[in-house]
Amino acid sequence: MNIINYVKSKNIYRVIFCFISLLSYTFGAVVTGKAPIVTGIASGIITLSNRNNIYTSAIDGSGNYRFQDVAAGLYSLKSEITGYNQVNTVSVDATVAASVTVPDLAIEKYTSAANNYSYTWIQDQSYAGLPKTDLTQNIVKPVSVNVLGKAYEMANVSYSQELFDKYGITLSNSLSTWTQEYAYRLYVVLGRIPQISGTDFKFNSSLNPTIWTLTTDAIVDDIEIGSGVNAGLIRISTAAFTYAAPLVVEIEGVRGLYFSKRLHHALVNFVTKSGTDQIAVAKILSDRFGLTIDTDANRLNYSLFTSEASSRFQNWFKHPAEIVDIINNFEELPEGMHKIPGFKWLVRRIDGTVNPVYPDAPAIAWTGGYMEFMEVAFKNFDVSYISKLILHEKAHYIYQFILTSACKKEWANLGGWQYAANPSNPNYDAPSGWQTTKTTEFVSAYAHDKNPNEDFAESIAAFVKNPDILKA
């Protein structure tokens, strides 16, 4: 599929999916049921989940549980009661009815032989998936982990041990309960972010262990990273987990994935310590996007791509939030647009200065393969503009290095572009000499005013941030 049809089809897909999401919210259902009353069990959690949503409900003293305002859809229901296993997989259809009653749950008690070590293995049938063994071991006694001089009880859910082994993360139920769904999505999304980690079932002692609590509170950027006396304590909002699991759909014959990057963005802040960890930032940019930046440990050789002195540039860590913004916006683009051959360096001009050739430009994507940002890009504009600017500049390299000549021609024809300098042999990379026969078909006045390249860059930015405008 070429990039033009890709933009069109993905736009239609997003619009339809947003519409479906709104319908799902409007027709919320009430789901109720009953679990057996078990003597000696103080509490239990019921999880209702699918790819889009996670709902949890505590079991009351009478064994009842209730989910209010459940978005329409098909769900799996799982009980989590220490020492007991749910006998059967339970599916819940909340697509039509306003009220759904689930049949009474059947559970069975784990047993162990006296004076012998005994392990009970139960296959986990929940949607979230299984550890690499495809089996879940019952842990009769919760694991205690000592972090920062204090003992914390590890949440007794699948993936809690994997999170500790690979990332030094201990899930704590001190605020809200970590269900298997939340732990699974945290584990999977962390796996998409390049970072120094341990291996499965072997903790990397070089990692700084952290304690994670789950909260329903609204948090800036969905994550709160403790510092000072609270160093190592992480609080993350349940809101970040919505649509964190990829949803496979097919719209107009185009099959693809839909998932939110909200959890990914929150975790980038954790992995990079909000952009202050230079090694972590450089690893993400290198492994995920094929880019090199200037760091204290590895100074950038500016002479590889510019004749300007290195003293005219600074590294990104004077204002670390800027580089986190760039990483998160690059991540918003489709996977095939992450690494672009020819786009190699990302640089920041020193504060208070402008580019001598284009003094009004907040950012420039140079054809030599380096992208340059000025202070004005982050200081004088709002978050929405900055996001669009980052995507726009990245799109220039998609146009330059990925689009074929035939695709550039098709794009120019779609926009009614004519190359006045040489109509019979257009140079689709030329920045000037263009005019268009169309007027209102562009996503912005800037796209209409310049050339096919700028039109493409504006359209890609719109595709990510405001896809409806592509249909206007």
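This section reports on the structure supplied with the text. As the structure is a computational prediction, the values presented were derived from the model and not from experiment.

Conventions used here
- Residues numbered from 1 in each chain as written.
- Predicted model: local features only at pLDDT ≥ 70, side-chain atom pairs only at ≥ 80, totals over all residues.
- Heavy atoms only, no water.
- Helix = DSSP H or I, 4+ residues; strand = E, 2+ residues; numbered from the N terminus.
- Buried < 20%, exposed > 50% of the residue type's maximum accessible area, 1.4 Å probe, protein only.
- Axes fitted to C-alpha atoms, helices over the stretch in contact; angles between N-to-C directions.
- Parallel < 35°, antiparallel > 145°, perpendicular 65-115°, else oblique.
- Left-handed = near helix turned anticlockwise from the far one by under 90°.
- Contact = heavy atoms within 4.5 Å.
- Nonpolar A, V, L, I, M, F, W, Y, C, P; charged D, E, K, R; others polar.
- Pairing = 2+ DSSP bridges.

## Topic: the side chain of His338
Piece 1. By the secondary structure assignment, His338 is in the loop between helix H6 (320–332) and strand S21 (345–349).
Piece 2. On the basis of relative accessibility, which here comes to 2%, the residue His338 falls in the buried class.

## Let's talk about the packing of helix H8 (residues 383–402) against helix H11 (residues 452–465)
Helix packing geometry: the angle between the two helix axes and the distance between the axes.
Piece 1. The interhelical angle for the contact between H8 and H11, taken along N-to-C directions, is 130 degrees, at an axis separation of 8 Å. By the criterion of interaxial angle, the relationship of H8 to H11 is oblique. Taken as a pair, H8 and H11 cross one another with a handedness that is right-handed. Facing H8, whose interface residues are Ser387, Lys388, Leu391, His392, Ala395, His396, Ile398 and Tyr399, H11 presents Pro452, Asn453, Glu454, Phe456, Ala457, Glu458, Ile460, Ala461, Val464 and Lys465.
Piece 2. Partitioned by chemical class, the residues of the contact of H8 with H11 number 10 nonpolar, four polar and four charged.

## Things to note about the packing of helix H3 (residues 180–190) against helix H4 (residues 262–271)
Piece 1. Relative orientation of the contacting elements H3 and H4 amounts to 65 degrees, with a least axis distance of 10 Å. With respect to each other, H3 and H4 are oriented roughly perpendicular. Along this stretch, H3 crosses H4, giving a crossing that reads as right-handed. Between H3, through Arg185, Leu186, Val189 and Leu190, and H4, the contact on the second element is made entirely by Leu263, His264, Leu267, Phe270 and Val271.

## Examining the sheet that holds strand S3 (residues 54–58)
Piece 1. Pairing within the open sheet is antiparallel, and its four strands lie in the order S3-S2-S5-S7. Each edge of the open sheet carries a strand with a single partner, namely S3 and strand S7 (90–93). Along the sheet, successive strands turn relative to each other by an average axial angle of 25 degrees, direction set aside.
Piece 2. In this sheet, strand S5 (residues 74–80) lies alongside strand S2 (residues 45–49) in antiparallel orientation, the contact comprising five bridges. The partner of Ser49 across the bridge, within S5, is Ser76.

Everything listed is a geometric property; what it means functionally is a separate question.
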